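Chains, contacts and geometry: an overview
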Amino acid sequence: MAGKDPKQAAAKMSEDKKDDIMKNFESFKDYLGDQVHKGEKLGLDSEGLTKGAKRVGDYLSKHEEPRNREEKVLNELWNVANKEEREHMAHVLVKLSDRTN
């Protein structure tokens, strides 16, 4: 999330690593939380973190299949949301993942 292009980061990530992250929602939240903390250490503010989360959400909705019920719900919500609603969802995901870790 910290300035990385999600598509490039995913291309470098092994399928096993993706499976570990996406296998359950808790793993997914932990991964997002780690990325939020990395972004904060790099000096990203709330807006920067939200932009990064939105890029990740856009990538996931286009390139990855949801692997559990929670991800399926997020995917469906993301796909029906407009740009502004996606920004709000990204902000909420940042808050959720930040509280998780």
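Here, the structure is the one placed above.
Predicted, not measured: the structure shown is a model, and the values here were computed from it.

Parameters at a glance
Note that residues are indexed from 1 along each chain, following the sequence as it is written. Reporting in this predicted model follows two pLDDT cut-offs: at least 70 for local features of residues, and 80 or more for side-chain atom pairs to be given and counted; totals over whole chains, interfaces and linings ignore these cut-offs and use all residues. As a convention, hydrogens and water are excluded, and side-chain values are obtained from all of the structure's heavy atoms. Secondary structure elements follow DSSP: runs of H or I no shorter than four residues count as helices, runs of E no shorter than two count as strands, and numbering proceeds from the N terminus. Salt bridges are defined as contacts in which a side-chain nitrogen from Lys or Arg sits within 4 Å of a carboxyl oxygen from Asp or Glu. Exposure classes here rest on a 1.4 Å probe applied to the protein chains alone. A residue is buried below 20% of its type maximum, exposed above 50%, and partly exposed in between. Cavities and pockets are defined on a 1 Å grid built over the protein atoms alone: a cavity is a set of grid points where a 1.4 Å probe fits but cannot escape, while a pocket is an open set with protein on both sides within 12 Å along at least five of seven lines, and lining residues are those with an atom within 4 Å of any such point. Grid points are joined across faces, edges and corners, and a volume is the space filled by probe spheres set on the points. Lines fitted to C-alpha atoms define the axes, with helix axes restricted to the stretch in contact, and inter-axis angles between N-to-C directions lie between 0 and 180 degrees. An angle below 35 degrees is treated as roughly parallel, one above 145 as roughly antiparallel, one from 65 to 115 as roughly perpendicular, and anything else as oblique. Here is the rule for handedness: rotate from the far helix to the near one, and if that takes an anticlockwise turn smaller than a right angle the crossing is left-handed, while a clockwise turn gives right-handed. Should any heavy atoms of two residues lie within 4.5 Å, those residues are considered in contact. Side-chain classes are defined by residue name, with Ala, Val, Leu, Ile, Met, Phe, Trp, Tyr, Cys and Pro counting as nonpolar, Asp, Glu, Lys and Arg as charged, and the others, Gly among them, as polar.

Moving on, we get to the environment of Gly-48. Mapped onto the elements of the fold, Gly-48 is located in helix H4 (residues 46-63). Put simply, Gly-48 and Ser-14 are 34 residues apart on the chain and 26 Å apart in space, counted from C-alpha to C-alpha.

A word on the pattern of salt bridges. One pass over the full model with this rule turns up six salt bridges. We note a salt bridge from Glu-26 to Lys-29, for which the minimum N-O separation is 3.2 Å. With Glu-26 and Lys-29 both in helix H3 (residues 25-41) and three residues apart, the pair spans about one turn of that helix. The salt bridge involving Lys-51 is made with Glu-47; its shortest N-O contact spans 3.6 Å. Of this pair, Lys-51 and Glu-47 both sit in helix H4, four residues apart, which is roughly one turn of the helix. Comparing Lys-51 with Glu-47, the two get one shared label, exposed. Because the salt bridges share partners, they merge into one network encompassing Lys-54, Asp-58 and Arg-86.

A word on empty space enclosed by the protein. The final tally for this structure, using the stated rule, is one cavity of 30 Å³ or more. Size it by volume and the largest cavity reaches roughly 230 Å³. In this structure, the largest cavity is lined by 18 residues; those nearest its centre are Phe-28, Gly-57, Leu-60, Leu-74 and Asn-75. Of all elements in the fold, only H3, H4, helix H5 (69-80) and helix H6 (83-100) reach the threshold of two or more residues within the lining of the largest cavity. Here the lining of the largest cavity gets five residues from one element, more than from any other, and that element is H4.

The N-to-C vectors of H5 and H6 enclose an angle of 150°; their axes lie 8 Å apart at closest approach. With respect to each other, H5 and H6 are oriented roughly antiparallel. The handedness of the crossing between H5 and H6 comes out as left-handed. Contact residues: Leu-74, Leu-77, Trp-78, Asn-79 and Val-80 in H5; Glu-85, Arg-86, Met-89, Ala-90 and Leu-93 in H6. Across the contact of H5 with H6, the residue classes break down as seven nonpolar, one polar and two charged.

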